[in-house]
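Remarks on the overall topology
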Amino acid sequence: MITKETIKIKTTTDQIAGYSRKAIFSGKFLPGSRLKENEISEWLGVSRTPIREAFRILESEGLVEINSNKGVQIPLIKKEELDEVCELRILLEVHCIRKYIKMFNENDFQKMEDIIIKTEYAINQKDYFFYFNQSINFHVYLMSHCKNELLYSAFLNARNSIRCAQMVLDKSQKNFRDSINYHKEILQAIKERDLDRCVKLMRQHLDDNCEMMKRNVGKKWS
């Protein structure tokens, strides 16, 4: 059940989709739950028409399912889907890091270090939504600089499934710190142009992250 909140926003479809997307990623709306137009309308103080349009945007991103019988529902994360997403991430990101290490520059270092700083700040503040947002942004930055729009597009399509799986992760400081340390080590390996170490770290990082998500998804929905 959505609690009433006072949020004043313009009644645009994109903004409604944005607030709803953040609520899904932060765990306010859980997988398997239904999104009701009247509750969203009361929550955001908007009419139902743009809400329906916002639901269609979320459906196109794979964040909700619109069914004539069940209404609008956040889909449960299936182990098979997570297996496929993890396999895709490893293929894309390991290939990308091989390309990226040959074309990075000093400006890239600063931007990636800024992302890591923001991620650490989020952990210290226990702002898990901001943490997950910045953590995935580290990978988004790498993928966006590999000069292959098709690869980047494939990664972005998988990103929402990754974020949904993150919702059920244990909020463990150790897990979060381990992920940040991987990012630091990967960036250092890029700076040193150490291709073998860079590839090894990225694969280990993704393997560890995927195994953790699979364990938690299994516990949550078993």
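For the structure itself, look to the data block above.
Worth saying up front: this structure is predicted, and the values here are computed from it rather than measured. (Residues numbered from 1 in each chain as written. Predicted model: local features only at pLDDT ≥ 70, side-chain atom pairs only at ≥ 80, totals over all residues. Heavy atoms only, no water.)

**Comments concerning the side chain of Thr119**
- With respect to the helices, strands and loops of the structure, Thr119 is situated in helix α5 (residues 106-124).
- By relative accessible area, which is 2% here, Thr119 ends up buried.
- Within the structure, the side chain of Thr119 is placed 2.7 Å from the backbone oxygen of Ile115, a separation counted as a polar contact. (Helix = DSSP H or I, 4+ residues; strand = E, 2+ residues; numbered from the N terminus. Buried < 20%, exposed > 50% of the residue type's maximum accessible area, 1.4 Å probe, protein only. Polar contact = N/O pair within 3.5 Å; in protein donor to acceptor, adjacent residues only side chain to side chain.)

**Concerning the environment of Val72**
- Of note, Val72 is situated in strand β3 (residues 71-73).
- Discounting chain neighbours no more than four positions away, the residues touching Val72 are Ser33, Arg34, Leu35, Phe55, Val64, Glu65 and Ile66. (Contact = heavy atoms within 4.5 Å.)

**What about unusual backbone geometry?**
- At Lys147, a position not held by glycine, the phi torsion is positive, near 55 degrees.
- Within the fold, Lys147 resides in the loop between α6 (128-144) and α7 (149-166).
- The phi dihedral of Arg193 is positive, around 55 degrees, even though this residue is not glycine.

**Some thoughts on the packing of α5 against helix α8 (residues 173-191)**
- One can describe the packing of α5 onto α8 by two numbers: an axis separation of 11 Å at closest approach and a directional angle of 170 degrees. Taken as axis vectors, α5 and α8 run roughly antiparallel relative to one another. Contact residues: Phe109, Met112, Glu113, Ile116, Thr119, Glu120, Ile123 and Asn124 in α5; Gln173, Phe176, Arg177, Ile180, His183, Lys184, Leu187, Ile190 and Lys191 in α8.
- Taken together, the residues of the contact of α5 with α8 break down into eight nonpolar, four polar and five charged. (Axes fitted to C-alpha atoms, helices over the stretch in contact; angles between N-to-C directions. Parallel < 35°, antiparallel > 145°, perpendicular 65-115°, else oblique. Nonpolar A, V, L, I, M, F, W, Y, C, P; charged D, E, K, R; others polar.)

**Looking at the sheet that holds β3**
- Taken in spatial order, the three strands line up as β1-β3-β2 in an open sheet, and their pairing is antiparallel. Each edge of the sheet is formed by a strand with only one pairing partner; in this case those strands are β1 (34-35) and β2 (65-67).
- Pairing analysis gives three bridges linking β2 to β3, with the strands arranged antiparallel. Within β3, the residue paired with Ile66 across the bridge is Val72. (Pairing = 2+ DSSP bridges.)

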